[in-house]
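# Geometric and topological summary
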Amino acid sequence: MPDSRDLKDRTKRFAVRVIRMVDKLPRSTASEAIARQLVKSATSIGANYRAVCRGRSKAEFIAKLQIVLEESDETQYWLELLLELEMLDRQILRDSI
């Protein structure tokens, strides 16, 4: 299992890749709304994982980790929308994240 430093680094790199990918989206009202939500959820994964690492009890650890899982699921949702709406080419997505 990866240590906390590894996951902190990986979640930060993921956020950076998502931010860069979002900059490649075509400009439209819909894509900008989705992009905003995607950036918020993708960056929240790492930020909340850092809070997990500071958990003071097992219960707090579990509760904070649940937030990370929720943000991860939300990020996946926004990525799926971009693909289904064909706002993003699958190859760009693969190359980006």
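Our structure is the block above this text.
Since we're looking at a predicted model, the values are computed, not measured.

The rules we used
Residues numbered from 1 in each chain as written. Predicted model: local features only at pLDDT ≥ 70, side-chain atom pairs only at ≥ 80, totals over all residues. Heavy atoms only, no water. Axes fitted to C-alpha atoms, helices over the stretch in contact; angles between N-to-C directions. Helix = DSSP H or I, 4+ residues; strand = E, 2+ residues; numbered from the N terminus. Parallel < 35°, antiparallel > 145°, perpendicular 65-115°, else oblique. Left-handed = near helix turned anticlockwise from the far one by under 90°. Nonpolar A, V, L, I, M, F, W, Y, C, P; charged D, E, K, R; others polar. 1 Å grid on protein atoms, 1.4 Å probe; cavity = no way out; pocket = protein on both sides within 12 Å on 5 of 7 lines; lining within 4 Å. Points joined across faces, edges and corners; volume = space filled by probe spheres on them. Core = buried A, V, L, I, M, F, W, Y, C linked by side-chain atoms within 4.5 Å. Buried < 20%, exposed > 50% of the residue type's maximum accessible area, 1.4 Å probe, protein only. Contact = heavy atoms within 4.5 Å.

## Details of the packing of helix α2 (residues 29-53) against helix α3 (residues 58-84)
Relative to each other, α2 and α3 sit at 155 degrees, their axes nearing to 8 Å. It follows from the interaxial angle that α2 and α3 lie roughly antiparallel. Along this stretch, α2 crosses α3, giving a crossing that reads as left-handed. In terms of residue class, the contact of α2 with α3 is built from 15 nonpolar, six polar and three charged.

## Observations regarding the layout of surface pockets
Size it by volume and the largest pocket reaches roughly 220 Å³. Around the largest pocket, the lining residues are Leu 7, Arg 10, Thr 11, Arg 13, Phe 14, Arg 17, Ile 45, Tyr 49, Val 68, Leu 69 and Ser 72. Of all the elements, helix α1 (residues 4-22) adds the most residues to the lining of the largest pocket, at six residues. Looking at the lining of the largest pocket, its residues break down into six nonpolar, two polar and three charged.

## Let's talk about the nonpolar core
Met 21, Val 22, Leu 25, Leu 38 and Leu 82 are the most contacted members of the largest nonpolar core, which totals 20 residues. Looking at this core, the elements that each hand over two or more residues are α1, α2 and α3. A per-element tally of this core places α2 first, with seven residues. Excluding its chain neighbours within four sequence positions, the residues that come into contact with Leu 25 are Ser 31, Ala 35, Leu 82, Met 87 and Leu 88.

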